Every structure is written in structure tokens, then in C-alpha cells.
Amino acid sequence: MNITDIRIKLVKKDELKLKAVASVTFDDCFVVHDVKVIEGTDTYFISMPNKKTPDGGYKDIVHPLNSPTRELIKTAVLEAFRKAEQESEAVTKPEE
């Protein structure tokens, strides 16, 4: 399984912990939308697509079945997020 594309939509509301939403394509034939980039206390992490349960909790709709796959997805999404942030900053900074 290879990640063949990641599309990032930055969230520009400073008061939110949600910083971006990603769509991750695997092997050019399967896509997972709504992977969230969340700002934690010390670092960023990802949250897989989920739905609210009747008891008020949340349950993942899709998720990796093992730690190496989760780490692969997390690393790739956070790398794409940082790149999108840098590109956004470069566009919004005035030329000197």
C-alpha cells in the first residue's frame, strides 16, 4: 500500500485546535476524506474520520489496523500539512 496523494485544506480560525483537514489517496484507487490535523499540547496529531455515537462519544469510521500503518499515514499527513502551512505563509507575507 502506497500513499499516492494528500490534499490539505488549512483551517484559518486561530482559536480552534483543528488546523487542517486532509484527503489521503492510497494506490491511486482509494481515498479517505476528513482526516483531521489537530494541535495537541506539545505536538500535532491526526484524527481519523469518525461519527458521534448515541452515548455522546466518537467512533472511527475508518482506521489503520496496525501501528506501522498509522505511523506511515500520520507522518505523511503531517509533512503535507507543514508544507501547506509554509506555502500559505509565503503567499500571505508581503514582499520586502
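In what follows, the structure referred to is the one given above.
What you see is a predicted model, and the numbers here were worked out from it, not measured in a lab.

Colleague: Just to check I follow, could you spell out the nonpolar core for this structure?
Modeller: One recurring pattern in soluble globular proteins: nonpolar side chains tend to sit buried together. Ranked by size, the top nonpolar core spans 15 residues in total, and within it I6, V24, V35, V37, I46 and V77 carry the most contacts. Per element, the largest residue contribution to this core is five residues, and it comes from helix α1 (residues 67-92). Setting aside chain neighbours within four positions, we find V77 in contact with I6, I8, A22, V24, V37 and I46.

Colleague: Explain the environment of A20 here, please?
Modeller: Summarising the element assignment, A20 is placed in strand β2 (residues 18-26). Sequence separation between A20 and I61 is 41 residues, and the spatial gap between their C-alpha atoms is 19 Å. Setting aside residues no more than four positions away along its own chain, A20 makes contact with I8, K9, L10, V11, V35, K36, V37 and F81.

Colleague: Could you clarify how one ought to interpret the pattern of salt bridges in this entry?
Modeller: Pairs can form between side chains of opposite charge once their charged atoms are near each other. According to the stated counting rule, one finds three salt bridges in the structure shown. Here E39 and K19 are joined by a salt bridge, their closest N and O atoms 3.5 Å apart. Taken as a pair, E39 in strand β3 (residues 30-39) and K19 in strand β2 lie far apart in primary sequence, 20 residues in all. Where K74 meets E71, a salt bridge forms, and the shortest distance between an N and an O atom there is 3.7 Å. Of this pair, K74 and E71 both sit in helix α1, three residues apart, roughly one helical turn.

Cut-offs and rules
For every chain, the first residue of the written sequence is number 1, and numbering continues from 1 onward in sequence order. Only residues with pLDDT of at least 70 are given local features in this predicted model, and only at 80 or more are side-chain atom pairs given and counted; all residues enter the totals for whole chains, interfaces and linings. Only hydrogens and water are set aside when side-chain values are computed; all heavy atoms of the structure are taken into account. Throughout this description, the term nonpolar core refers to a set of buried Ala, Val, Leu, Ile, Met, Phe, Trp, Tyr and Cys residues connected via side-chain atoms within 4.5 Å. A 1.4 Å probe rolled over the protein chains alone gives each residue an accessible area, and that area as a share of the maximum for its type sets the label: buried under 20%, exposed over 50%, partly exposed in between. Counting from the N terminus, the helices are DSSP H or I runs at least four residues long and the strands are E runs at least two residues long. Any two residues having at least one pair of non-hydrogen atoms within 4.5 Å are treated as being in contact. Whenever a carboxyl oxygen of Asp or Glu lies within 4 Å of a side-chain nitrogen of Lys or Arg, that contact is scored as a salt bridge.

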